[in-house]
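Structural description and commentary
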Amino acid sequence: MAQRKLGQILVDLGYISEDQLWDVLEEQKRSPGEIIGQVAIRMGLVTEAQVTEALAEQWGMPVVNLGETTIPPRAIEMVPQTMAELYKIMPISLKDNVLTVAMADPQNVAALDDLRNFLGAEVRGAISNLKDVEAAIARYYADKQDSIEDLITSMEESYGGTGGQNSREYNLDEAELADAAPIRKLLNMILLLAIKDQASDIHFEPFEDEFKVRVKADGMLYEMVPPPRHLANAIVSRIKIMSDLDIAERRLPQDGRIELNVGGNSVDLRVSILPTLFGEAVVMRVLDRTVVQLDLNKIGMDANTLTRFRSMIKRPNGIVLVTGPTGSGKTTTLYSALNELNDVETKIITTEDPIEYEIEGLLQVPVNHDIGVTFATVLRAILRHDPDTILVGEIRDYETAEVSVQSALTGHLVFSTLHTNDAPSAITRLRDMGVPPFLITACVEAVLAQRLVRRICTECRTKFDPSDELLMELQLPIQQARKYNFYYGKGCQRCNNSGYKGRCGIYELLDVTDDIRDLIAASASVDDIRNFARSQGMTTLREAGLKLIFDGVTTIDEIVRETITEDGEG
């Protein structure tokens, strides 16, 4: 049965008239992210209590007044504070293994599925409002802050060392342990804290005497308190259960995924399991669409480079390459470009390994090497689907390079990535793959090289005077460098005492002009191409990095670590 619309329910309840509903719908068009109830409240037509009552009728859930509800400690103990904050829920009762939670957003029904998966109990929803949920969390969890350290200490007391950490056989006791509440709670806390800290990867690593857990945030790994070593297999088994993998198979690598809906936002965890000498290692890649904003205006490109890059991605045909090491944000830049080109008149097809972000309006084709579905074979098939724009995840070999060139020559705009140190090196990489210089000059339109550098934490940013030795690392005249202010992060609670919070990109954009094409045709060296491009106004990665240092965005150490000098030395 089709669900009744919230606006119509408000009319049926007599809170607004039909004419007022049309006014609300018109207002909502101006702010498409806002739900209709919030628009009506903002316009002063209804109260929050009236919208809550309408939502309860729409979703068939009871309304709960958290201010007048007595919540049993057992219900609160079942849901960690991090989970309550991220999902915007408050546990209110636990009876016969059925947990009832007050939800600020009843439309987020996927959250109930996540909670069932996390908690191992049946979960039912009730309706409250965001203000009351947040107040209840602050009130009930004030003296109950769960920490991983406390949880691990209690686990060590509950589950004494059992030895057998090198055991590779699967037994029933371990399967039961994987489903035990403390194992669930520990893993839930690690996952939710990592998502909250906007981590990109979570590593579980077995060694002879310990089981390390490390989280990668802003491109750096941070170690968490390690769980007891003898619980390693139970934790890995719990991850396998959540990823729908075979918990009895411990000799082969396995890949899976966990789909979560945290706080109304879709979060994808790509799980990779690798058998090692001392047990199975797990890496979870966190793909949180709210952290990555696929918008060219928000990737940190300076105004001049952005204007030039925009003009290049709107050319009718040719190849646009984005280069840089793994984890330098190439995929984000390419998706942002495709997002900008994504309209009704343009057919865009991508082939990726793997597909990291699903975008409405794009045809996305996964690569599968096991059955011979390579970039080159998919690309040939794509050309028969009348695309205007094509994204090839990576040019790894001559065959993919050849088909990409042919696609560009036949009137398509092709985006792809290469692993090179800077933009001019991409030309020689294609040459080394066997692409003739005359074909490179005919189809390559632009090369964008990029790196990600950590931003100084704004809470603990401090001015300092760098030593002459540190300034010499930048290869600038000391007197010239002393004209600028320099900053670093002292370290605070917000940035986990690292001094950095978040990252931004630095970019080097090579426009393949007719003069550059002449150099490529003459088989000029990388240095010749780089020097000529600089004379035409190209900003190198190091120069882009210096600007961020002088603007107080990042540190000398970050730029020295991530960029090379113009003479090619690190």
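Residues numbered from 1 in each chain as written. Predicted model: local features only at pLDDT ≥ 70, side-chain atom pairs only at ≥ 80, totals over all residues. Heavy atoms only, no water.

1. Some points on the overall build of the protein
Helix and strand content of the protein: 24 helices and 18 strands. A compact globule built from 570 residues would reach a C-alpha radius of gyration of about 25 Å, and the protein, at 27 Å, matches this within 12%. With respect to the three principal axes, the spread of C-alpha positions in the protein is 80 × 70 × 60 Å. For the protein, the proportion of its 570 residues judged to be buried stands at 49%. Taking all contacts inside the protein whose residues are at least 6 apart in sequence as the whole, residues at least 24 apart take part in 65%. Surface accessibility of the protein: about 26,900 Å² in total, with carbon and sulfur atoms responsible for 48%. Within the protein, one finds 58 positive and 87 negative side-chain charges whose respective centroids are separated by 2 Å. (Helix = DSSP H or I, 4+ residues; strand = E, 2+ residues; numbered from the N terminus. Rg over C-alpha atoms; globule rule 2.2 N^0.38 Å. Buried < 20%, exposed > 50% of the residue type's maximum accessible area, 1.4 Å probe, protein only. Contact = heavy atoms within 4.5 Å. Areas by Shrake-Rupley, 256 points an atom, 1.4 Å probe, with all protein chains shown as cover. Lys, Arg positive; Asp, Glu negative; His and termini not counted. Charge placed at Lys NZ, Arg CZ, Asp CG, Glu CD.)

2. What about the pairing of strand β9 (residues 279-288)?
Of all 10 residues that make up β9, 8 are buried, and the element is covered over most of its length. Bridging between strand β4 (residues 201-206) and β9 involves 4 bridges; their strand directions are antiparallel. From the neighbouring strand, H203 faces β9, where its bridge partner is V283. In sequence, strand β8 (residues 265-276) turns back onto β9 through a hairpin of 2 residues. (Pairing = 2+ DSSP bridges.)

3. Here's the deal with the sheet that holds β8
One open sheet holds the 6 strands; their spatial order is β6-β5-β4-β9-β8-β7, and the pairing between them is antiparallel. This sheet does not close on itself; its edge strands, each paired only once, are β6 (220-223) and β7 (254-262). Averaged over all pairs of adjacent strands, the angle between their axes in this sheet comes to 20°, without regard to strand direction. Alignment of strand β5 (residues 211-217) against β6, held across 4 bridges, turns out to be antiparallel. Bridge pairing in β6 links K216 to L221. Running over the sheet, helix α11 (residues 181-196) touches β4, β5, β7, β8 and β9 and is turned about 140° from β4. (Axes fitted to C-alpha atoms, helices over the stretch in contact; angles between N-to-C directions.)

4. A few points about helix α7 (residues 110-119)
Restricting attention to buried positions, one finds in α7 the residues A111, L112, D114, L115, F118 and L119. The buried residues of α7 occupy an angular sector of 160° when projected down its axis, which confines them to one face. (Arc of directions from axis to C-beta.)

5. Overview of the environment of R429
Within the element layout of this structure, R429 appears in helix α17 (residues 423-433). Here R429 falls in the partly exposed class, since its relative accessible area comes to 33%. Between the alpha carbons of R429 and L418 there is a distance of 8.3 Å; along the sequence they are 11 residues apart. Residues in contact with R429, not counting those within four places in the same chain, are L418, H419 and T420.

6. Topic: helix α23 (residues 541-550)
Most of α23 is tucked away, with 7 of its 10 residues classed as buried. Of the residues making up α23, those classed as buried are L541, R542, A544, G545, L546, L548 and I549. Next to the buried residues of α23 lie β15 (444-456), α19 (468-473), β17 (486-489), β18 (500-511) and α24 (556-562). Where α23 terminates, the next one or two residues include G552, which has phi positive at roughly 75°.

7. Description of the confidence of the model for the protein
Taken as a whole, the protein shows an average pLDDT of 85; of its residues, 90% reach a score of 70 or greater. Considering each helix and strand of the protein separately, the mean pLDDT is smallest for helix α10 (residues 172-178), with a value of 54, and largest for strand β10 (residues 318-323), with 96. (pLDDT = per-residue confidence, 0-100.)

8. Section: unusual backbone geometry
For the peptide bond that leads from D353 to P354, omega is -5°, which places it in the cis range. Residue position: P354 is located in the loop between β11 (348-352) and β12 (363-366). With a phi angle near 55°, D96 is a residue other than glycine that sits in the positive phi range. Here D96 shows up in the loop between β1 (89-95) and β2 (98-103). For D218, which is not glycine, the phi dihedral falls at a positive 55°. In this fold, D218 is placed in the loop between β5 and β6.

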